[in-house]
Amino acid sequence: MPKITYIDHSGRSYTVEAEIDQTVMETAIKHNIPGIVAECGGACSCATCHVYVDEAWVEVTGEPSEMEEDMLDFAYDVRATSRLSCQLRVKSAYDGLIVRIPERQG
């Protein structure tokens, strides 16, 4: 199973195993990662699972969809590497993925 590392705004990291086809958000919720709220449950209708994809992983995770970009307008402190973790579906290529969690969610 791929391992994903979540780093919170204070620098604390959490490395967990993720199941293929779950989302990065579902994995965070399953492992009680603080800072991922996921109010909409993964429907891409809020911005409370916002993360920053580590620069080294941007090409692997790809670009956000138009709908995701629209929802990111509601996120806090959006950056070039911002993604909604509910839209990142885990695959084997994500082994070692690093995402950072913003100080607060939108």
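Residues numbered from 1 in each chain as written. Predicted model: local features only at pLDDT ≥ 70, side-chain atom pairs only at ≥ 80, totals over all residues. Heavy atoms only, no water.

Visitor: Explain the nonpolar core here, please?
Guide: When a protein is soluble and globular, its nonpolar side chains tend to lie buried together. Within the largest apolar cluster, 28 residues are counted, with the highest numbers of intra-cluster contacts made by Y6, V24, I36, L84 and L97. Within the residue set of this core, elements represented by two or more residues are β1 (3-7), β2 (13-17), α1 (24-30), β3 (50-53), α3 (66-72) and β5 (97-100). Sorting elements by how many residues they give to this core places α1 first, with three residues. Residues contacting L97, with those up to four places away along its chain left out, are K3, I4, T5, V24, V53, W57 and T61. (Core = buried A, V, L, I, M, F, W, Y, C linked by side-chain atoms within 4.5 Å. Buried < 20%, exposed > 50% of the residue type's maximum accessible area, 1.4 Å probe, protein only. Helix = DSSP H or I, 4+ residues; strand = E, 2+ residues; numbered from the N terminus. Contact = heavy atoms within 4.5 Å.)

Visitor: What is the right way to read the sheet that holds β1 from this model?
Guide: Backbone hydrogen bonds hold the strands of a sheet together, and the pairing may be parallel or antiparallel. Reading across the sheet, the five strands line up as β2-β1-β5-β3-β4 and stay open at both edges, with mixed pairing between neighbours. Either end of the sheet is taken by a strand with one partner, and the two such strands are β2 and β4 (82-84). Strand-to-strand twist in this sheet, taken as the mean axis angle between neighbours without regard to direction, amounts to 35 degrees. Pairing of β1 with β2, which is carried by five bridges, proceeds in the antiparallel orientation. Looking at the pairing, T5 lines up with T15 of β2. (Pairing = 2+ DSSP bridges. Axes fitted to C-alpha atoms, helices over the stretch in contact; angles between N-to-C directions.)

Visitor: Is there a simple way to think about the packing of aromatic side chains in this case?
Guide: Remark: the centre distance and the inter-plane angle together describe each pair of aromatic rings, the angle taken between the planes. All told, the structure shown has zero aromatic pairs when counted by the stated rule. Positioned above the aromatic ring of Y52 is the side chain of R79, whose terminal nitrogen or guanidinium carbon lies 4.1 Å from the ring centre. (Phe/Tyr/Trp six-rings, centres within 6.5 Å; stacked < 30°, edge-to-face > 60°. Lys NZ or Arg CZ within 6 Å of the ring centre and 35° of its normal.)

Visitor: What's the story with the layout of surface pockets in this structure? I'm lost.
Guide: Any empty space left between atoms is shown by rolling a water-sized probe over those atoms. Empty space within the largest pocket amounts to approximately 160 Å³. As for the largest pocket, its lining consists of 14 residues, of which P64, A80, T81, S82 and R83 are closest to the centre. Secondary structure elements with two or more residues in the lining of the largest pocket: α2 (58-61), α3 and β4. Of the residues in the lining of the largest pocket, the class split is six nonpolar, four polar and four charged. (1 Å grid on protein atoms, 1.4 Å probe; cavity = no way out; pocket = protein on both sides within 12 Å on 5 of 7 lines; lining within 4 Å. Points joined across faces, edges and corners; volume = space filled by probe spheres on them. Nonpolar A, V, L, I, M, F, W, Y, C, P; charged D, E, K, R; others polar.)

Visitor: Help me understand the pattern of salt bridges in this model?
Guide: Applying the stated criterion to the full structure yields four salt bridges. Residues E68 and R83 are paired through a salt bridge, measuring 2.8 Å at the closest nitrogen-oxygen approach. Of the two residues, E68 sits in helix α3 while R83 sits in strand β4, which places them 15 residues apart along the sequence. Using a relative accessible area of 1% as the deciding quantity, one classes E68 as buried. (Salt bridge = Lys/Arg side-chain N within 4 Å of Asp/Glu carboxyl O.)

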